[in-house]
Amino acid sequence: MKTANKKVTATRLVKDALEKAKHFEDYHIFTFLNEEGALKKAKEIDARIARGEKVGRLAGVPYALKDNFLSPEGETTASAHILEGFTSPVTATAVEKLEAEGAIMIGRTNLDAFAHGSSTENSYYGPTLNSHDRARVAGGSSGGSAVAVALDIVEFATGTDTGGSIRQPASFNGIYGFKPTYGTISRYGVVAMASSLDCIGFFTRTPEDMDLLMSIASGQDPKDMTTLPDYYNEAVASAKLDDSRLAPARPFAFGNSRPKGRALRGSGAHSAPVVADGLEPSNSCTRIGIVKEFDNDSVDTEIREALKEKCELLKSKGHEVVGLEMPTLKYALAAYYIIQPAEVASNLSRHDGIRYGFRSENSTDLDGLYEHTRDEGFMSENKRRIMTGNFVLSSGFYDAYFLKAAKARTLIVQEYEKAFSKCDFILSPVSPNPAFKLGEKVNDPVAMYLEDLMSVSLNLAGVPGLAIPAGKTKAGLPVGLQLVGPRRSDKRLIEFAKELA
Ligand code: GLN
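What comes next concerns the included structure. Computed from a predicted model, the values in this text were never measured in an experiment. (Residues numbered from 1 in each chain as written. Predicted model: local features only at pLDDT ≥ 70, side-chain atom pairs only at ≥ 80, totals over all residues. Heavy atoms only, no water.)

### Side note on the side chain of histidine 351
Thought 1: You can see histidine 351 is positioned in the loop between helix H10 (332–347) and helix H11 (366–377).
Thought 2: We classify histidine 351 as buried; its relative accessible area is 7%.
Thought 3: Not counting chain neighbours up to four residues away, the residues in contact with histidine 351 comprise Ile82, Leu83, Phe114, Tyr356, Arg374 and Phe378. (Helix = DSSP H or I, 4+ residues; strand = E, 2+ residues; numbered from the N terminus. Buried < 20%, exposed > 50% of the residue type's maximum accessible area, 1.4 Å probe, protein only. Contact = heavy atoms within 4.5 Å.)

### A closer look at the site of the ligand
Thought 1: If you check the shell around the ligand, you find 16 residues, and the closest are Thr162, Gly163, Ser165, Tyr336 and Arg385.
Thought 2: At a separation of 2.8 Å, a nitrogen atom of the ligand approaches a polar side-chain atom of serine 118.
Thought 3: Taking glutamine 340, its side chain carries an N or O atom lying 3.5 Å from an oxygen atom of the ligand.
Thought 4: Coverage of the ligand by the protein chains reaches 100% of its 290 Å² of free accessible surface.
Thought 5: Placement of the ligand is best described as lying within the largest cavity. (Near = heavy atom within 4 Å. Polar contact = N/O pair within 3.5 Å; in protein donor to acceptor, adjacent residues only side chain to side chain. Areas by Shrake-Rupley, 256 points an atom, 1.4 Å probe, with all protein chains shown as cover. 1 Å grid on protein atoms, 1.4 Å probe; cavity = no way out; pocket = protein on both sides within 12 Å on 5 of 7 lines; lining within 4 Å. Sits in = over half its atoms within 2 Å of the grid points.)

### Focus: the nonpolar core
Thought 1: Of all hydrophobic cores here, the largest spans 100 residues; its most connected members are Tyr416 and Ile426.
Thought 2: With nine residues, H10 is the largest single contributor of residues to this core.
Thought 3: Membership of the second largest hydrophobic core comes to 35 residues, among which are Val14, Tyr27, Ile104 and Ala138. (Core = buried A, V, L, I, M, F, W, Y, C linked by side-chain atoms within 4.5 Å.)

### What to know about unusual backbone geometry
Thought 1: Of note, the bond from glycine 140 into serine 141 is cis; its omega dihedral lies within 30 degrees of zero at 10°.
Thought 2: With respect to the element layout, serine 141 can be found in the loop between strand E3 (104–109) and helix H4 (143–150).
Thought 3: Even without being glycine, alanine 78 reaches a positive phi, approximately 50°.
Thought 4: Tracing the chain through its elements places alanine 78 in the loop between strand E2 (62–66) and helix H3 (93–100).
Thought 5: By relative accessible area, alanine 78 is classed as buried at 0%.
Thought 6: If you check the backbone angles, phenylalanine 114 has positive phi at about 60° while not being a glycine.
Thought 7: Looking at where phenylalanine 114 falls in the secondary structure, it is placed in the loop between E3 and H4.
Thought 8: With relative accessibility at 3%, the residue phenylalanine 114 sits in the buried group.

### Remarks on the layout of surface pockets
Once rolled over the atoms, a probe with the size of a water molecule shows which space is left empty.
Thought 1: By volume, the largest pocket is sized at about 490 Å³.
Thought 2: Considering the residues around the largest pocket, the lining is formed by 22 residues, among which Leu70, Val190, Val191, Arg350 and Tyr356 are closest to the centre.
Thought 3: Partitioning the lining of the largest pocket into residue classes produces 12 nonpolar, five polar and five charged. (Points joined across faces, edges and corners; volume = space filled by probe spheres on them. Nonpolar A, V, L, I, M, F, W, Y, C, P; charged D, E, K, R; others polar.)

### Comments concerning the pattern of salt bridges
Thought 1: If you walk through the whole model with that rule in mind, you get 30 salt bridges.
Thought 2: In this structure, arginine 51 and glutamate 53 form a salt bridge, with 2.6 Å as the shortest nitrogen-oxygen distance.
Thought 3: Where salt bridges share partners, they join Asp211, Lys491, Glu495 and Lys498 into one cluster. (Salt bridge = Lys/Arg side-chain N within 4 Å of Asp/Glu carboxyl O.)

### Focus on helix H1 (residues 10–23)
Thought 1: Between the first and last C-alpha of H1 there are 20 Å, a value that for 14 residues agrees with the 20 Å anticipated at 1.5 Å per step.
Thought 2: Among the residues making up H1, those that are buried are Ala10, Thr11, Leu13, Val14, Ala17, Leu18 and Ala21. Buried residues in H1, looked at end-on, bunch into an arc of 165°, giving them a common side. Exposed side of H1, more than 90 degrees from the buried face: Glu19 and His23 are the residues found there. (Expected span 1.5 Å × (residues − 1). Arc of directions from axis to C-beta.)

### Quick word on the pairing of strand E4 (residues 156–161)
For a regular strand, the rule is simple: side chains alternate between the two faces of the sheet.
Thought 1: Summarising burial for E4: six of the six residues are buried, a large majority.
Thought 2: Both faces of E4 are covered, namely the face carrying Phe156, Thr158 and Thr160 and the face carrying Ala157, Gly159 and Asp161.
Thought 3: In this structure, E2 lies alongside E4, joined through two bridges in parallel fashion. Among the inter-strand pairings, tyrosine 63 is bridged to a residue of E4, identified as phenylalanine 156.
Thought 4: Pairing analysis gives five bridges linking E4 to strand E6 (residues 199–204), with the strands arranged antiparallel. Residue pairing for E6: threonine 158 is matched across the bridge by phenylalanine 202. (Pairing = 2+ DSSP bridges.)

Next comes the structure, spelled out in structure tokens:
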């Protein structure tokens, strides 16, 4: 990552990034360009460097902020009409941590409104174009962030991943995208989508940059009770930690009893991977699991070939590749599209025209104000999720849908725990296909949901996943694969990706 110094000033870095952002304006990457604010911060950093003062690890590094992170710089709209005009009085913890190290936000990036989608076409501001083919989607929901990094406008960008929104656009644009273990980075100050699934993460062009950002952003935050103690920075020394520190803060069990057996232990020292019960640590050789259920016609042949090639590379480096059966994963998509809308319906109930952003003028009474504001302010995909969510939670349907999905979620958690007793990491496709054409799926919600077939189970289980670039199709479209690890194996996962880069 290029940081500012006496020769290459922060002002230069920021001006270059802003210029590039303007050059690619028709890609709809940004919802706001922070020209004044970014240049002011750059000047301050340059002055500190000139005075010989110590500056942070991201001094003068221009970055892009997904427009669902709160900060007083520019409106936070989540690319939704209903939040138009909303300027936040608070700053997200992740933003505070990045900026304390000297990073400079040059713009807010486009997303599917409220992060509902897999293409960035559900944005109020128009779709972001793919970095490799302007006729194709950027992926989503963090499409703007992925393209900003892929087109080299910024060094890194933030993202949120509730069901694949970092990993899928990263793979559609040929870069790295990381969804950490649930609770690794504070969600304070990020527009909530589905709170038991939401994770904060990053887009970078190298695994080394990802490692640096993770070491800065991770850690417990009193403002987000779901955050974990900072295991990421302690990972190297974690062999010394006792089991009570490594065990999950709370067992992952949804809708039924606790998962049976011992909780899976977290990240171990890099040289001695922590594994679940019954397996000797495979010191120098890493054991990689390949999910048999994903090796079928529902996945594009070129993606399956890319996976096979990576397996050959792994074997040539002395690692072991093993087949895994994970039959429960077939329930992941259905469970996700019940749990996630249920949480969305609750989180989005606060948007009623009273407190935040847009307010409809087309009403004469209070009920009408709520109704018109929500009708005019939400996109149709937002409404679909609110309606589905309220339906699956309603009395009479709760047991049949929400409770059943919660039980399926526990089985998925257990399936991953079982899988990680047989291997260190799993390697799988991120999505069934490379970037698709703009407009191809936008009017077919089920086709769009199927994009998430292989990404959502990680969010349900709370495990980390790193999208890594894995070449291109014959048509020149990037292919991505995801490396998946047990909870709190984030550091090891990124170290392993460095080896594969
Ligand atoms: N594509 C998924 C959805 O629409 C995931 C979105 C996300 O991770 N924010 O729900």
